[in-house]
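Structural description and commentary
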Amino acid sequence: LARMGAPDLPIKERRELQSLLFGQSPEITFSGLRPLNALARKSRLISSTVVGGNLVVAQSLMGTPWQAKTAGGILFFEEVSERGYRIDRMLEHLKQSGHFDRIKAVVFGDIVGGKEPNGRSLTNKAVERFASSVKFPVLRGVKAGHGAVQRPVPFLTPACLTLGAKPKLVVASGALA
């Protein structure tokens, strides 16, 4: 919300956020997602809610009363300025701690920054390694987080994730009409 009043916020993003907040748009659609494992390429529909947010914060809340309730959910993660080995370590920790038990899918938003000292980024490799090691669909491409485009992702509202040839995520706004 802090970005809503920023002078550099593109008008399209400002209008989309206002529309969601004020109940003028019942949902937001994220098209063009990329399946990262075989389960995400298999055609099917997942109905649930979206929960998650920043990967570092999700890991930091493990074992506290504020830990996200993930069972049955579609998890969304984004991150900024974390190198590939740290992304890999956080995802592995969440996996080993049971954070992904009984979830329906994981969708990644923007993972920006985090370049290695040589200027390369290994974050994509970390996410791909994670996707190949789990038994639920993993997708990438939600334009939300800290990237150039920062679309809103409503949490804990009805959501529908379409898997297969044309994956997309549709999330209800949650606004009171």
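Data block above holds the structure.
All of the points below concern the structure found in this document. (Residues numbered from 1 in each chain as written. Predicted model: local features only at pLDDT ≥ 70, side-chain atom pairs only at ≥ 80, totals over all residues. Heavy atoms only, no water.)

A word on the overall build of the chain
Looking only at helices and strands, the chain has five helices and eight strands in total. Counting from the amino terminus, the chain carries its helices and strands in the arrangement α-β-β-α-β-α-β-α-β-α-β-β-β. What you see for the chain is a C-alpha radius of gyration of 16 Å, in line with the 16 Å of a compact globule of 177 residues. Taking the principal axes of its C-alpha atoms as reference, the chain extends roughly 40 × 40 × 40 Å. (Helix = DSSP H or I, 4+ residues; strand = E, 2+ residues; numbered from the N terminus. Rg over C-alpha atoms; globule rule 2.2 N^0.38 Å.)

Regarding the sheet that holds strand β1 (residues 27-31)
Spatial strand order, β1-β8-β7-β3-β4-β5-β6-β2: eight strands in an open sheet with mixed pairing. At either end of the open sheet lies a strand with only one pairing partner, and these are β1 and β2 (34-35). Relative to strand β8 (residues 168-172), β1 is paired through five bridges, and the arrangement is antiparallel. If you follow Ile-28 over to β8, its bridge partner there is Val-171. (Pairing = 2+ DSSP bridges.)

Some thoughts on helix α4 (residues 84-96)
The terminal C-alpha atoms of α4, which comprises 13 residues, lie 18 Å apart, in line with the 18 Å expected from a rise of 1.5 Å per residue. Check the buried side of α4 and you find it contacts α3 (55-60), β4 (74-80), β5 (105-112) and α5 (123-133). Count one or two residues on from α4 and you reach Gly-98, which has phi positive near 90°. (Expected span 1.5 Å × (residues − 1). Contact = heavy atoms within 4.5 Å.)

A word on the packing of aromatic side chains
Inspection of every chain in the model, using the stated rule, returns seven aromatic pairs. Ring geometry for Phe-76 versus Phe-155: centroids 6.3 Å apart, planes at 55°, classification tilted. Of this pair, Phe-76 sits in strand β4 while Phe-155 sits in the loop between β6 (138-140) and β7 (158-163), and the two are 79 residues apart along the sequence. Since its relative accessible area comes to 4%, Phe-76 is described here as buried. (Phe/Tyr/Trp six-rings, centres within 6.5 Å; stacked < 30°, edge-to-face > 60°. Buried < 20%, exposed > 50% of the residue type's maximum accessible area, 1.4 Å probe, protein only.)

Quick look at the pairing of β7
Burial of the side chains of β7 is restricted to one face: Ala-159, Leu-161 and Leu-163 are buried, whereas none of Pro-158, Cys-160 and Thr-162 on the reverse face is. Bridge count for strand β3 (residues 44-54) against β7 is six bridges, and the pairing is antiparallel. Within the sheet, the bridge partner assigned to Arg-44 lies in β7 and is Leu-163. The pairing of β7 with β8 spans four bridges and is classified as antiparallel. Among the inter-strand pairings, Cys-160 is bridged to a residue of β8, identified as Val-170.

A short note on the nonpolar core
Of all hydrophobic cores here, the largest spans 23 residues; its most connected members are Phe-77, Phe-100, Val-106, Phe-108, Phe-130 and Val-138. Secondary-structure elements contributing two or more residues to this core are α3, β4, α4, β5 and α5. Among all residues touching Val-106, those that are not within four sequence positions of it are Leu-75, Phe-77, Phe-100, Phe-130, Phe-136, Pro-137, Val-138 and Leu-139. (Core = buried A, V, L, I, M, F, W, Y, C linked by side-chain atoms within 4.5 Å.)

Some details on the pattern of salt bridges
Evaluated as defined, the whole model comprises six salt bridges. Among the ionic pairs, Arg-86 bridges to Glu-82, the shortest N-O distance being 2.3 Å. The exposure class of Arg-86 is partly exposed, given its relative accessible area of 29%. Since its relative accessible area comes to 13%, Glu-82 is described here as buried. The residue Arg-129 makes a salt bridge to Asp-88 at a minimum N-O spacing of 2.6 Å. Taken together, the positions of Arg-129 in helix α5 and Asp-88 in helix α4 put the pair 41 residues apart, joining distant regions of the chain. Residue Arg-129 is classed as partly exposed on the basis of its relative accessible area, which comes to 40%. (Salt bridge = Lys/Arg side-chain N within 4 Å of Asp/Glu carboxyl O.)

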